[in-house]
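# Close look at the chain arrangement
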Amino acid sequence: MGFRKKNKSPPVLSHEFVIQNHADMVSCVAMIILLGLMFEVTAKFAIMFITVQYNVTQSVDERAEQVNLYQYGPKDIATVFFYLLIAVILHALIQEYILDKMNRRLHLSKTKHSKFNESGQLAAFYLLSFIWGCSILTAEEFATNPTFLWEGYPHTHMVFQVKFFYICQIAYWLHALPELYFQKVRKEDIPRQLYYICLYVFHITGAYILNLHRLGLVLLVPHYLVELLFHASRLFYFSDENKQKGFTLWALLFVIARLLTLTLSVLTFGFGLPRAENQGFSLAKGNFNVLTIRMTCLAAICLTQAWMMWKFINFQLKKWREHSQSQASKKKAFSPKSKPHKKDLARVGSANGVVKSDDKTSPRERKAKAS
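The shown structure was predicted, so the numbers you read here are calculated from the model rather than taken from an experiment.

Along its length, the chain carries 11 helices and 4 strands. Looking at the chain as a whole, 38% of its 371 residues are labelled buried. The contacts of the chain with a sequence gap of at least 6 include a subset with a gap of at least 24, amounting to 69%.

Here we come to the nonpolar core. One broad trend across soluble globular proteins is that nonpolar side chains are buried collectively. Membership of the largest hydrophobic core comes to 62 residues, with the highest contact counts inside it found for Tyr126, Tyr166, Trp173, Ile204, Leu212, Tyr224 and Phe269. Ranked by residue count, the leading element in this core is helix α5 (residues 160-182), at 11 residues. Each residue touching Tyr166, except ones within four places of it in the same chain, is listed here: Ile204, Ala207, Tyr208, Leu212, His213, Gly216 and Leu217. Counting residues in hydrophobic clusters, the runner-up holds 14 residues, among them Leu99, Phe116, Phe238 and Phe247.

Turning next to the pattern of salt bridges. Pairs can form between side chains of opposite charge whenever their charged atoms are close. Taken as a whole, this structure holds 6 salt bridges when the rule is applied. Across the pair Lys184 and Glu16 runs a salt bridge whose closest N-O atoms are separated by 2.9 Å. A residue pair is termed long-range when its members are at least 10 positions apart, and Lys184 in the loop between α5 and α6 (190-209) and Glu16 in helix α1 (residues 15-35) qualify at 168 residues. A relative accessible area of 49% places Lys184 in the partly exposed class. Because the salt bridges share partners, they merge into one network encompassing Glu118, Arg192 and Arg234.

In this structure, the amide linkage connecting Tyr153 to the following residue, Pro154, adopts the cis form with an omega of 10°. Take Pro154: it is sitting in the loop between α4 (110-138) and α5.

Applying the stated rule across the entire model yields 1 cavity of 30 Å³ or more. By volume, the largest cavity amounts to about 40 Å³. Per-class residue counts for the lining of the largest cavity are 7 nonpolar, no polar and 1 charged.

When pLDDT is averaged along the chain, the result is 86, and 85% of the positions lie at 70 or above. Predicted confidence in the chain is weakest over helix α10 (residues 342-351), with a mean pLDDT of 51, and strongest over α5, with 96.

Here the focus is the environment of Leu122. Within the secondary structure, Leu122 is located in helix α4. Separated by 102 residues in the primary sequence, Leu122 and Tyr224 place their C-alpha atoms 9.8 Å from one another. When neighbours within four sequence positions are excluded, Leu122 is seen to be in contact with Tyr172, Trp173, Tyr196 and His231.

Of note, Gln193 is situated in helix α6. Classification of Gln193 by relative accessible area gives buried; the value is 7%. Once residues lying within four places of it in the same chain are set aside, the contact partners of Gln193 are Glu118, Leu180 and Val185.

As a further point, take helix α3 (residues 76-106). The end-to-end C-alpha separation of α3 is 42 Å, in line with the 45 Å expected for 31 residues at 1.5 Å each. The largest bend along α3 measures about 40° and falls at Gln95.

Parameters and conventions
Residues numbered from 1 in each chain as written. Predicted model: local features only at pLDDT ≥ 70, side-chain atom pairs only at ≥ 80, totals over all residues. Heavy atoms only, no water. Helix = DSSP H or I, 4+ residues; strand = E, 2+ residues; numbered from the N terminus. Buried < 20%, exposed > 50% of the residue type's maximum accessible area, 1.4 Å probe, protein only. Contact = heavy atoms within 4.5 Å. Core = buried A, V, L, I, M, F, W, Y, C linked by side-chain atoms within 4.5 Å. Salt bridge = Lys/Arg side-chain N within 4 Å of Asp/Glu carboxyl O. 1 Å grid on protein atoms, 1.4 Å probe; cavity = no way out; pocket = protein on both sides within 12 Å on 5 of 7 lines; lining within 4 Å. Points joined across faces, edges and corners; volume = space filled by probe spheres on them. Nonpolar A, V, L, I, M, F, W, Y, C, P; charged D, E, K, R; others polar. pLDDT = per-residue confidence, 0-100. Expected span 1.5 Å × (residues − 1). Bend = angle between axes of the 7 residues up to and from the residue.

Next up, the structure:
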């Protein structure tokens, strides 16, 4: 990890050297871009990396004031790259100064250590994204008018908060790809993490390019809330295995979030957009309201939700089996020992040379009979 003080430094440019000092290297690249603002020759290029591009000024109909809106374009790639560097630096800071200190106190195994780091990083990101997304949605009309998801499509213009939100989202999930190498993720965990990272990049970038940022934002906020609850519950579970109540609430909200996602998607692609005024395909106007694209988007969302439900059901079945096995083992451990029968005692006594007679007379009577 970056920012750590090592007694023995590995060879320069070796794998271990890059892994230990990747945050320092990335921060140097970010500093070079920021220093470019100080010189007039490089300022034009540096601004393209740091600030949000494609500003459009529009005047409100009933007011004299003007509003700054934004579109997307190729220069957004540079902006995404810069905030990808910032995400790598923040990732290293959270790992070094928060998660590593907690790991030392908990003394977790290697498997739990890896999952704890993953949940700690994702919980911080989901919390920030959820609060940010809610603040954007409170300024929109979705709470009172859900038709704003498709009314006026194509939504080529965005306010600053919406565009910057999408830039940061894409940058974060792209930064998660090199972090698989920097964090030395186990080989068996790489496919699982690659699946959800690629799904996030695909869906968020698709919503951004197809001018479906309203629908994407509305679907991301409840999804991030559910994921935040899951990773927070997992962090509490690693600290104390008796704290499992959060998983029950997460399971309930997970199903509700999947139903909400499917409902809003079908409503938008199957009902709203087909009845919108602007129909057709136009790259110049940013209009992608044709049947092929609508059905492709809807199919992608439905398949993703079905895959998530399949993983969820398998996860719940696995937990149920583990719980039933633990309960069965506990019953065996605390069950009372069965008392041996009289026949078994007689057999044991005969084996030891002691024969128990079935005669119920007293010893005096037996002596009298013998005399």
